[in-house]
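Analysis of the macromolecular model
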2 protein chains.
Amino acid sequence: MKILIVEDEPKTGEYLRQGLSEAGFVVDLAQDGTDGLHLALQGEYDLVILDVMLPGLDGWQVLQSLRRRGLQMPVLFLTARDQVEDRVKGLELGADDYLVKPFSFAELLARVRTILRRGRSGNESTVLRVADLELDLLRRRVSRGGRRISLTAKEFGLLELLMRRHGEVLPRSLIASQVWDMNFDSDTNVIEVAIRRLRAKIDDGHEVKLIHTVRGMGYVLEAPEEH
Amino acid sequence: MKILIVEDEPKTGEYLRQGLSEAGFVVDLAQDGTDGLHLALQGEYDLVILDVMLPGLDGWQVLQSLRRRGLQMPVLFLTARDQVEDRVKGLELGADDYLVKPFSFAELLARVRTILRRGRSGNESTVLRVADLELDLLRRRVSRGGRRISLTAKEFGLLELLMRRHGEVLPRSLIASQVWDMNFDSDTNVIEVAIRRLRAKIDDGHEVKLIHTVRGMGYVLEAPEEH
DNA sequence: GCACCCTCATGAAAATACTGATCGTCGAAG
DNA sequence: CTTCGACGATCAGTATTTTCATGAGGGTGC
């Protein structure tokens, strides 16, 4: 899950980035409306968190531009205490929720999780399952065949992506941009290495392998066909 | 399921009413203690949410009157962060649980559901248990394996959070916002230090450790897997 | 003065990235 | 059908970076 934060105050922005990334999200941070809009237009975010008070292009203009260009990702906006009209305006423009500053990080996290869950048609569960492999998003735990497996943060993020889109072949460039915050830089093999480590934990010692390489295309996680 | 909210601040009350009714509860709202008590005495509520700071008849008096007249419905009360005595007092008077302001709506909802699920079960509800570790909210005491452990206020608050959400990995920023009132402060390591002190009291000298670090993600309290 | 809780500095450990070598697989050509 | 070449995948070992634990020092409030 990838989140864009648009917040001009560096300290707040940095803190939000840090906190959300501990909570398992991939986070980009833009310092003003123009940059924010630019990034958001790439369309690769699952959620945008938008401060309304921004120098230059303000929060509504960003939101408006996004919606006008057909981008439908959820938007959570941050507004000042007594600006009640703000929230009405924001919701009219198509925001999904708002938070009044100052807010607690716990509150933000709860909202973010609610919004992201909402999209997935009623699936209240925090557990992803493929065959006998389970990944619990909230507890941040993974198990296969009931046996607990401990993963590092990157491994967890990678597996989460593979499981969310299981059955789908994911190109390396996609993996690079979702799990790492990099645009594919061909002279590194971080991904191969990460896949290898993940395989060691997930597939080694199991008859049925779940992670498969698709030559020239990428990787896919799926339970093999029955015969 | 019918809930009564007693809250004098209109904005908060309205917010709670709205949220809970969206969640599928039937909700009544009283603006002061007298009205609240009056409504509650009709005895048709499954839960009462009670702000302790009320003009006129305060939360305690309402709670006390209810219990004295034999009404046993669960009561969840709302208290300020620094009023530790309030929490004890409330539990002593027969409330079922409390929530510290400011809280997130998600938190409230979770607490409400827990209380309604378990029904009214008196003082048992004031003790949190994980493995051989016990935390008594009412007496503000902690023990492990029957041996008493004395904690400071911060340590107690931290442990309470960890125990309430045991099994869940808690990001530092979440901990910071819940236990401290630090919402956007990143350059501090209070949490590491507090965890260390807590570990010294909870885990040192025990074979099974309950507090675990999850690198890059946060901390979790849980009993290790059995094999 | 005594708890308590914060900050700071430092070292250790873990996670991650990089390097370069080897291995496998696929397709083209014989 | 077989062989060979090339590209990508895999792997181990090492370097680097990030994160965490820890002990000490100092301030604050009761």
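As the structure is a prediction and not an experimental result, all values here were calculated from the model.

**So, the interface of chain A and chain B**
- Between chain A and chain B, the contact holds 24 residues from the first and 26 residues from the second.
- In total, about 2200 Å² of surface goes out of reach between chain A and chain B, with carbon and sulfur atoms giving 55% of it.
- It is Tyr15, Glu22 and Arg148 of chain A that lose the most area in chain A upon contact with chain B, and together they represent 29% of the buried surface on that side.
- Linking chain A to chain B there are 3 salt bridges.
- The shortest N-O distance in the salt bridge between Arg172 of chain B and Glu22 of chain A comes to 3.2 Å.
- Applying the counting criterion to the chain A and chain B interface returns 5 residue pairs in polar contact (both at pLDDT 80 or more).
- At the level of secondary structure, the elements contributing two or more residues to the side of chain A that touches chain B comprise helix 1 (10-22), helix 5 (105-119) and helix 6 (153-164) of chain A.
- By residue number, the principal contributor to the side of chain A that touches chain B is helix 5 of chain A, which donates 7 residues.
- Here the side of chain A that touches chain B is composed, by residue class, of 11 nonpolar, 4 polar and 9 charged.

**Side note on the sheet that holds strand 1 (residues 2-6) of chain A**
Residues and elements named next belong to chain A.
- Spatially, 5 strands are ordered 2-1-3-4-5 in an open sheet, and the strand pairing comes out parallel. Edge positions in the open sheet fall to strand 2 (26-30) and strand 5 (97-100), since each of these has one partner strand only. With direction set aside, neighbouring strand axes in the sheet form an average angle of 20°.
- Judged from the 4 bridges that link them, strand 1 and strand 3 (residues 47-51) form a sheet pairing that is parallel. Along strand 3, the bridge assignment pairs Leu4 with Val48.
- Sheet strands in contact with helix 2 (residues 33-40) are strand 1 and strand 2, and its direction is about 160° off that of strand 1.
- Packing of helix 3 (residues 59-68) onto the sheet brings it into contact with strand 3 and strand 4 (75-79), and relative to strand 3 it is tilted by some 150°.

**Structural notes on the pattern of salt bridges**
- Applying the stated criterion to the full structure yields 34 salt bridges over all chains.
- Across the salt bridge formed by Arg111 of chain A and Glu107 of chain A, the nearest N and O atoms sit 2.8 Å from each other. Here Arg111 of chain A pairs with Glu107 of chain A, and both are found in helix 5, just 4 residues apart, close to one helical turn.
- According to the relative accessible area criterion, Glu107 of chain A is buried, its value standing at 8%.
- Here Lys101 of chain B makes a salt bridge to Glu7 of chain B, at a shortest N to O gap of 3.5 Å. Of this pair, Lys101 of chain B sits in strand 5 (residues 97-101) while Glu7 of chain B is found in the loop between strand 1 (2-6) and helix 1 (10-22), placing the two residues 94 residues apart along the sequence.
- Using a relative accessible area of 26% as the deciding quantity, one classes Lys101 of chain B as partly exposed.

**Quick look at the protein's contact with DNA strand C**
- With respect to spatial proximity, 16 residues lie near DNA strand C, and among them Thr152 and Thr188 of chain A together with Thr152, Trp180 and Thr188 of chain B are the closest.
- Restricting attention to atoms of DNA strand C within 4 Å of the protein, one finds that 67% of them are sugar or phosphate atoms.
- Thr188 of chain B has a polar side-chain atom sitting 2.6 Å from a phosphate oxygen of DNA strand C.
- Contributions of two or more residues to the surface near DNA strand C are made by helix 6 (153-164) and helix 8 (190-202) of chain B.
- Residues of the surface near DNA strand C, tallied by class, amount to 6 nonpolar, 6 polar and 4 charged.

**Let's talk about the protein's contact with DNA strand D**
- Neighbouring DNA strand D are 17 residues; Arg196 of chain A together with Arg196, Arg199, Thr213 and Tyr219 of chain B lie closest to it.
- Sugar and phosphate atoms represent 83% of those atoms of DNA strand D found within 4 Å of the protein.
- Measuring from a base oxygen of DNA strand D, one finds a side-chain N or O atom of Arg215 of chain B at 3.1 Å.
- Gly216 of chain B is positioned such that a nitrogen or oxygen atom in its backbone is 3.0 Å from a phosphate oxygen of DNA strand D.
- Put simply, the parts of the chain that give the surface near DNA strand D at least two residues each are helix 8 (190-202) of chain A together with helix 8 of chain B.

**What to know about the environment of Arg172 of chain B**
- With respect to the helices and strands, Arg172 of chain B occurs in helix 7 (residues 172-179).
- Exposure remark for Arg172 of chain B: the relative accessible area of 23% places this residue in the partly exposed category.

**Focus on the packing of aromatic side chains**
All names here are of chain B.
- Following the criterion strictly, the structure yields 5 aromatic pairs over all chains and no others.
- Arranged with centres 6.0 Å apart and planes meeting at 70°, the rings of Tyr15 and Phe105 form a pair that is edge-to-face. Residue Tyr15 is found in helix 1, and its partner Phe105 is found in helix 5 (residues 105-118); the two are separated by 90 residues along the sequence.
- Under the relative-accessibility criterion, Tyr15 is labelled partly exposed at 37%.
- Judged by relative accessible area, which is 15%, Phe105 ranks as buried.
- Ring centres 5.9 Å apart and planes at 45° place the aromatic pair Phe77 and Tyr98 in the tilted group.

**Some details on unusual backbone geometry**
All names here are of chain A.
- Positive phi, normally seen in glycine, also occurs at Arg140, with a value near 60°.
- Mapped onto the elements of the fold, Arg140 is located in the loop between strand 7 (133-136) and strand 8 (141-144).
- Take Arg140: its relative accessible area is 13%, and that puts it in the buried class.

**As for the domain arrangement of chain A**
All names here are of chain A.
- Considered domain by domain, chain A is made up of domain 1 (2-119) and domain 2 (127-221).
- Look at where the C-alpha atoms of domain 1 and domain 2 centre, and you get two points 28 Å apart.
- Each side of the interface is counted separately: domain 1 has 9 residues, and domain 2 has 7 residues.
- Approximately 580 Å² of surface area, both sides summed, lies buried where domain 1 meets domain 2, with 32% of it carried by carbon and sulfur atoms.
- The tally of links between domain 1 and domain 2 comes to 0 salt bridges.
- Where domain 1 touches domain 2, the interface holds 1 residue pair in polar contact (both at pLDDT 80 or more).
- Ranked by the residues each element gives to the side of domain 1 that touches domain 2, the list is headed by strand 2, at 3 residues.
- Partitioning the side of domain 1 that touches domain 2 into residue classes produces 3 nonpolar, 1 polar and 5 charged.

Calculation notes
- Residues numbered from 1 in each chain as written.
- Chains lettered and ligands numbered in written order.
- Predicted model: local features only at pLDDT ≥ 70, side-chain atom pairs only at ≥ 80, totals over all residues.
- Heavy atoms only, no water.
- Contact = heavy atoms within 4.5 Å.
- Buried area = accessible area lost by both parts, 1.4 Å probe.
- Salt bridge = Lys/Arg side-chain N within 4 Å of Asp/Glu carboxyl O.
- Polar contact = N/O pair within 3.5 Å; in protein donor to acceptor, adjacent residues only side chain to side chain.
- Helix = DSSP H or I, 4+ residues; strand = E, 2+ residues; numbered from the N terminus.
- Nonpolar A, V, L, I, M, F, W, Y, C, P; charged D, E, K, R; others polar.
- Pairing = 2+ DSSP bridges.
- Axes fitted to C-alpha atoms, helices over the stretch in contact; angles between N-to-C directions.
- Buried < 20%, exposed > 50% of the residue type's maximum accessible area, 1.4 Å probe, protein only.
- Near = heavy atom within 4 Å.
- Phe/Tyr/Trp six-rings, centres within 6.5 Å; stacked < 30°, edge-to-face > 60°.
- Domains from an automatic or database assignment.

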